[in-house]
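# Topology and contacts: notes
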Amino acid sequence: MTTRELLLLAVHLSLVMSECKLGHTSCIDSDKCKEYSSLCGQNATCVNTNGSFHCECKNGFKTSGKKMQRFKPFERETCRDVCEMDKTICGNGTCHKGKDGYVCACHAGFSNYGNKSSRCVELNCEVFMNALNQQESDPYVTSVLRMLKGSCLNLSESETPTSLDGDEFLERLLSMIDRLLSGGTVLDNKQVSFILSLVESSLGLIAPFMSKKRTQVSKAHTELELLLFKGPGFPQGPATLSTKHAELQIQWETAAGKNSTYPGFTALILLSYSTLENSTNRSFSGIKVTKEISLQMNSKVVTVKVSNPDTAALQVPVTLTFNHLQRTDKANDSICVYWDSEADGGSWSTDGCDTLHSGANYTLCSCKHLSSFAVLMALHDIEDPYEMKVFTWVGLTLSLVCLFVCILTFALIRSIQSPRNSIHLHLCLSLFVANLVFLCGITRTENQTGCAVVAGLLHYFYLAAFCWMCLEGIQLFRMVVLVFNISFQTVRMMAVGYGVPAVIVAISALVNSGGYGTEKNCWLNLEGSFRWSFFGPVCFIITVNIFFFFVTVCKLAQKFSSLNPDLDNLHKIKAFTITAVAQLCVLGTTWIFGCFQFGNSPSAMSYVFTILNSLQGVLLFVMHCLLYKPVRDEYGKIYSRFFAPQKMYSVFTSSQSSKAQNSKSSKNTGESGI
């Protein structure tokens, strides 16, 4: 349309409008779009309105001015091809004219998630490929990973990608996470990093295909809330997402990102894990604290994912509120952290996260980047009292001396050697090694591998001591209930006394190698179910011993009441049984109190355990040596040989020899009573 025609049209319109305003009742709207077919140009459509009209650019076209899509003919605007005007409108894709406007054909490795008029952004499918290479054991997990990989490749490489069912994919993803976290399995740092990376990539793939604007899902090991915005323009204002364990406050602008990378939708996701804190409770290498402070998890682990691909340095920090797992007494005991997968295969770090406020039951965190987050609790170590340390060192040293004397006694004095004293020899040997390792290595936590070895040795030798104690109970049972002088073969005793503990320790190490050694001491991790790898066998052995002792006492009572009892042998076995029961009380009671040991601070139970554990060797020496007449006689011989005068020595040895000769006839079991 020429300039003259535009001027005439404007004058005509002004006259018509003025006449109608003066009160003419016969004004009829004139459709100028029909009268002037080329009014808006070939790339625009004329839209008639009551008393007016305007031009709108067709799909795939826009004006070069500020009007963008709508303008008046006399404003001298023209509609131009969008693809020609903005070469970057498709991002990493090629712009083409389509039936309903322009179409973005994404390059390989990029996608607009099925929205053909949206910008193409990067879509990395490598994480799904790596996951398939590492996961072969669980068929369900493998099937979900194949589904995710196939959908990712379809969106990023196919020329005609198909959309996916977001709700179904999310359901399968959360079920897969539940299977990976079920069974109480403790994951190492690399496995945790891999799972978190896989979850973030999967959520980014699934989010734009969700059917609802808000989605909330709760599973056995996960809880999720998702917000989705679709449509023209950018969402604005604050947004809040929450689960039972955490709450996220974030700006929609932060989640949307820059216009140059906006994919046509905005997604906000908050996902919390119910058991992942157990696997990350020792991953603190990225945090520098003093030796007096130890760290532990005090919240559930949460993952925050948004559609914005650039979240490494946010202009507006996000705010997270965590509920505590344990009540804290001091405000500075809580530390906000994020999971850094590049530090030692994975570790908690404080970089970019600040603690805004901490109460007894919650902590408020502010973070300048997005990842997976949690709250740690800083524990100030309460050092054992000086008197407890002194008593431990003195008591264990005294026990080691007494156990060493017992070992020499049962190994070198031939006159008292018997199956029962052979059991005592190995019992004392096991306790001697256990106490020596305890004394030298229980606090050597600076080397994690060495600390685990110390914990494994303690686990093995303490179990071995209980196994030898169980063998003594069985031996007494066989002597009374079966036939006198019935004894085990040496090979079988060794298999039970040393083989059974080896099997238990080996299985425990294979199932949960991280259960050996803690940050405070080189003993078993008593916080989870791993404690039962020691207390389970101990409880079983104590129960078996109590049963055998009960049957033995009943049988002894029957034999004493018989018509022709063998009183000498019965009295000997009675004395043996009393000693064995006393030994069971000493060892069993010690570890009943040991269940309460290695806590955050010393308690009355800790004092009792320290006393009993330190005096075990002394008590065994008293019961099996000092109160045992044949051993006392041998000690008397040794004393006479080295310390008594020569004349008295000859008389004494002569007298002892005659006594020994007289006792040979009655020496049925190779032992005498207490």
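Strands sit in the order β1-β2-β4 across an open sheet of 3 strands; the sheet is antiparallel. In the strand order of this sheet, the two ends are held by β1 (44–49) and β4 (70–71), each with one partner.

Within the open sheet, the 5 strands sit side by side as β12-β13-β17-β21-β20. Their pairing is antiparallel. If you trace the sheet from one side to the other, it starts and ends with β12 (238–242) and β20 (353–358), each paired once. Pairwise comparison of adjacent strand axes, ignoring direction, gives a mean angle of 20° for this sheet. Looking at chain direction, strand β13 (residues 246–251) and strand β17 (residues 318–323) are connected through 4 bridges and run antiparallel. Opposite alanine 246, over in β17, you have phenylalanine 322 as the bridge partner.

By the secondary structure assignment, serine 202 is in helix α7 (residues 189–206). Here serine 202 falls in the buried class, since its relative accessible area comes to 0%. Look past the residues within four positions of serine 202 in its chain and what remains in contact with it is Phe128, Leu148 and Leu173.

The subject of this paragraph is the layout of surface pockets. Estimates place the volume of the second largest pocket at around 1,200 Å³. Glu200, Ser201, Lys305, Pro309 and Thr311 are, among the 39 residues lining the second largest pocket, the residues nearest its centre. Looking at the lining of the second largest pocket, the elements that each hand over two or more residues are β9 (121–122), α4 (126–134), α7, β14 (265–273), β16 (301–306) and β18 (334–340).

Next up on the list: the pattern of salt bridges. Tallied over the full model, the rule gives 8 salt bridges. With its nearest N and O atoms 2.8 Å apart, the salt bridge here joins glutamate 277 to lysine 300. Residue glutamate 277 is found in the loop between β14 and β15 (293–297), and its partner lysine 300 is found in the loop between β15 and β16; the two are separated by 23 residues along the sequence. Lysine 300 shares its class with glutamate 277; the two are buried.

Let's shift gears to the packing of helix α6 (residues 166–181) against α7. Closest axis-to-axis distance for the α6/α7 pair is 10 Å, and the angle between their directions is 170°. With respect to their mutual orientation, α6 and α7 come out roughly antiparallel. Along its contact with α6, which presents Gly166, Phe169, Leu170, Leu173, Met176, Ile177 and Leu180, the element α7 presents Ile195, Leu198, Val199, Ser202, Leu203 and Ile206. Broken down by class, the residue content of the contact of α6 with α7 amounts to 11 nonpolar, 2 polar and no charged.

About the cut-offs
- Residues numbered from 1 in each chain as written.
- Predicted model: local features only at pLDDT ≥ 70, side-chain atom pairs only at ≥ 80, totals over all residues.
- Heavy atoms only, no water.
- Pairing = 2+ DSSP bridges.
- Helix = DSSP H or I, 4+ residues; strand = E, 2+ residues; numbered from the N terminus.
- Axes fitted to C-alpha atoms, helices over the stretch in contact; angles between N-to-C directions.
- Buried < 20%, exposed > 50% of the residue type's maximum accessible area, 1.4 Å probe, protein only.
- Contact = heavy atoms within 4.5 Å.
- 1 Å grid on protein atoms, 1.4 Å probe; cavity = no way out; pocket = protein on both sides within 12 Å on 5 of 7 lines; lining within 4 Å.
- Points joined across faces, edges and corners; volume = space filled by probe spheres on them.
- Salt bridge = Lys/Arg side-chain N within 4 Å of Asp/Glu carboxyl O.
- Parallel < 35°, antiparallel > 145°, perpendicular 65-115°, else oblique.
- Nonpolar A, V, L, I, M, F, W, Y, C, P; charged D, E, K, R; others polar.

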